[in-house]
Amino acid sequence: MPPKGSGKKKAINDGTATPQIPSLAEQFSYLHAPRPFKNPNYTKNVNRRAKNLKNVLTQERERERVERERRRQEREEAMEVDEERREELNTEDDMPFYTSIEAPPSVLPPRRYCDITGLEAPYTEPITGLRYHDKSVYELIKSLSSSAAKDYLAARGVNPILK
């Protein structure tokens, strides 16, 4: 027995051409619409190759090194030739780049962290000098022995002097 729906009847072509009505999806399709935002003369550059991060950073470092060397050469020439020019070049600071570590120190105060939990510590215990995050950590610090408090201070890198 054939499956249901397989007995489709085909329309009989009587020779009269009826225009085919486009479906709603075809009516709203942008497939055949003109694209004025695309440049018709565009050709893809086949010589361009993608660079990975390591190559980009290496090129940036090299560019920075060349710039620093050029500025150093200018300073040396100015020292030999002209006193005024030397003063002008000495006022120019070396600009720190994103990848350089030659940046000035931060103007923000250093962050303080809790010696027990590692969270930010707005408080300091007056007797031991341990930094703590909240009341529950303070109660724990009060119950610590002096040798344990010294160990926590030594882990932070502070010379433990307990009162």
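Note that the structure is predicted; figures quoted are calculated from it, not measured.

Draft legend 1. Summary view of the overall build of the protein chain. When its secondary structure is counted, the protein chain shows five helices and two strands. Element order for the protein chain, N to C, with α for helix and β for strand: α-α-α-β-β-α-α. Taken across its 163 residues, the protein chain has 11% of its residues classed as buried. Residue pairs in contact within the protein chain that sit at least 24 positions apart in sequence constitute 26% of those at least 6 positions apart. On the protein chain, roughly 15,300 Å² of surface is accessible, and the fraction owed to carbon and sulfur atoms is 55%.

Draft legend 2. Highlighting the pattern of salt bridges. Summed over the entire model, instances satisfying the criterion amount to nine salt bridges. Where Glu 60 meets Arg 63, a salt bridge forms, and the shortest distance between an N and an O atom there is 2.7 Å. Linking Glu 60 with Arg 63, this pair stays in helix H2 (residues 53–81), spanning three residues, or about one helical turn. Judged by relative accessible area, which is 26%, Glu 60 ranks as partly exposed. In this structure, Arg 72 and Glu 76 form a salt bridge, with 2.3 Å as the shortest nitrogen-oxygen distance. Of this pair, Arg 72 and Glu 76 both sit in helix H2, separated by four residues, roughly a single helical turn. One salt-bridge network, held together by shared partners, links Glu 67, Arg 70, Arg 71 and Glu 74.

Draft legend 3. Representation of the nonpolar core within the structure. Counting eight residues, the largest nonpolar core is built from Cys 114, Ala 121, Leu 130, Tyr 132, Val 137, Ile 141, Ala 149 and Leu 153. Those elements giving two or more residues to this core turn out to be helix H4 (135–142) and helix H5 (146–156).

Draft legend 4. Representation of the packing of aromatic side chains. In this structure the tally under the stated criterion is two aromatic pairs. Here the aromatic rings of Tyr 123 and Tyr 132 are separated by 5.4 Å at their centres, their planes lie at 25°, and the arrangement is stacked. For Tyr 132, a relative accessible area of 11% puts it in the buried group. Relative to Tyr 138, the ring of Tyr 132 has its centre 5.0 Å away and its plane inclined at 35°; by these criteria the two rings are tilted.

Draft legend 5. Summary view of the UniProt feature "domain: Vps72/YL1 C-terminal" (unreviewed entry) in the protein chain. Look at the UniProt record and you will see "domain: Vps72/YL1 C-terminal" (unreviewed entry) annotated at residues 112–141. A helix fraction of 23% and a strand fraction of 13% characterise residues 112–141, whose end C-alpha atoms lie 17 Å from each other.

Draft legend 6. Spotlight on H5. Along H5, the positions that sit buried rather than exposed are Ala 148, Ala 149 and Leu 153. Down the axis of H5, the sector holding all buried residues measures 140°, keeping them to one side. Turned more than 90 degrees away from the buried face of H5, the exposed residues are Asp 151 and Ala 155. Of the residues one or two after H5, Gly 157 is the one with positive phi, at around 95°.

Rules of the game
- Residues numbered from 1 in each chain as written.
- Predicted model: local features only at pLDDT ≥ 70, side-chain atom pairs only at ≥ 80, totals over all residues.
- Heavy atoms only, no water.
- Helix = DSSP H or I, 4+ residues; strand = E, 2+ residues; numbered from the N terminus.
- Buried < 20%, exposed > 50% of the residue type's maximum accessible area, 1.4 Å probe, protein only.
- Contact = heavy atoms within 4.5 Å.
- Areas by Shrake-Rupley, 256 points an atom, 1.4 Å probe, with all protein chains shown as cover.
- Salt bridge = Lys/Arg side-chain N within 4 Å of Asp/Glu carboxyl O.
- Core = buried A, V, L, I, M, F, W, Y, C linked by side-chain atoms within 4.5 Å.
- Phe/Tyr/Trp six-rings, centres within 6.5 Å; stacked < 30°, edge-to-face > 60°.
- UniProt positions renumbered as here; feature names shortened; annotations may be inferred.
- Arc of directions from axis to C-beta.

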